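So you can see what is in the structure, the chains are spelled out below.
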Amino acid sequence: AFAKEFGKTEEAKEFLKVLPHQYYEENNLHGLLIEQIRDYDKCLKELERFLPHIDNWATCDLLALHMMKKHRDIREIYRWMESDKPYIIRFGISMLMRHYLDEGFKPEYPEKVATIRSEEYYVNMMRAWYFATALAKQYEKILPFLEEQRMDIWTHNKTIQKSIESYRITQEQKDHLRTLRIKK
């Protein structure tokens, strides 16, 4: 509520110019102000300035950028996923998860997520979250990633765990997913 009210002020424009911020709440506010920018190019420019300063999963995940659904520029998402910064990678995967699992879904998208290799917990957790959500929306197209063991063991098993905890996966699907766990 504060971000919506504050976003209408001149001070908000000045606040967006200041990076890095000192406090977690300032970063969250910054992200919420970027969300309010309606001009796509300006929004992307502000986002690019801000992304390198994200240092936690919560700030990263609050950025939904609903305009990505309308503009459908997969090149931007791929570029973020190819970053060397863990929270930029996580952001790219989250954009793919939020905006490309329904209409416009292509098999190349989960393929791209499956090829990401990282030692970063928050990157791999987002990969597992992506695949668990993808199973809920595109089960038959995503199942081979697990049946063929196309991910690292941790992400593979975490995907199954998150899927089994989901209300969007049927009991029959959960039973099958349990058989796909990899023993370490």
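Residues numbered from 1 in each chain as written. Predicted model: local features only at pLDDT ≥ 70, side-chain atom pairs only at ≥ 80, totals over all residues. Heavy atoms only, no water.

## Here we look at a nonpolar patch on the surface
Applied cut-off: Exposure above 30% relative accessible area and no salt bridge define the residues that can form patches, which grow by joining like charges within 9 Å and nonpolar side chains of Val, Leu, Ile, Met, Phe, Trp and Tyr within 5 Å. Where accessible areas are quoted, they stem from the Shrake-Rupley method and a 1.4 Å probe; at the residue level, only the protein chains shown are allowed to cover. Put simply, a salt bridge is a Lys or Arg side-chain nitrogen that is within 4 Å of an Asp or Glu carboxyl oxygen. Categorising residues by exposure relies on relative accessible area from a 1.4 Å probe, with only protein chains included: less than 20% of the type maximum marks a residue as buried, more than 50% marks it as exposed, and the intermediate range marks it as partly exposed.
Where nonpolar side chains cluster on the molecular surface, the patch consists of Trp-57, Tyr-121 and Tyr-122 and spans about 320 Å² of accessible area. Given the relative accessible area of 44%, Trp-57 is considered partly exposed.

## Overview of the nonpolar core
Let me state the cut-off plainly: By nonpolar core we mean a set of buried residues, namely Ala, Val, Leu, Ile, Met, Phe, Trp, Tyr and Cys, connected to one another through side-chain atoms within 4.5 Å. The contact definition used throughout considers only heavy atoms, calling two residues in contact when any of these lie within 4.5 Å.
Leu-47, Ile-77, Trp-80, Phe-91, Leu-96, Tyr-130 and Leu-177 are the most contacted members of the largest nonpolar core, which totals 58 residues. Once residues within four sequence positions are removed from consideration, Leu-47 is found in contact with Ile-34, Leu-63, Leu-65, Trp-80 and Phe-91.

## What about the pattern of salt bridges?
Defined as follows: Helix and strand labels come from DSSP, where a helix needs a run of H or I of at least four residues and a strand needs a run of E of at least two; each type is numbered from the N terminus.
Scanning all chains against the criterion turns up 13 salt bridges. With its nearest N and O atoms 2.6 Å apart, the salt bridge here joins Arg-90 to Asp-61. Here Asp-61 lies in helix H5 (residues 57–62) and Arg-90 lies in helix H8 (residues 86–99), a separation of 29 residues in the sequence. Of the residues examined, Arg-90 reaches a relative accessible area of 3% and is grouped as buried. Among the ionic pairs, Glu-148 bridges to Arg-150, the shortest N-O distance being 3.1 Å. Overlapping salt bridges, with partners in common, bring together Glu-48, Glu-76 and Arg-79 in one network.

## Observations regarding the packing of aromatic side chains
The criterion, for reference: Pairing of aromatic rings covers Phe, Tyr and Trp, the last counted by its six-membered ring, and requires centre-to-centre distances within 6.5 Å; plane angles under 30 degrees mean stacked, over 60 mean edge-to-face, and any other angle means tilted.
Applying the stated rule across the entire model yields 10 aromatic pairs. For the pair Tyr-100 and Tyr-109, a centre-to-centre distance of 5.3 Å together with 80° between the ring planes defines the contact as edge-to-face. Tyr-100 sits in the buried class, given a relative accessible area of 1%. Ring centres 5.2 Å apart and planes at 90° place the aromatic pair Tyr-130 and Phe-131 in the edge-to-face group. The burial state of Tyr-130 is the same as that of Phe-131; both residues are buried.

Geometry only, nothing functional implied.
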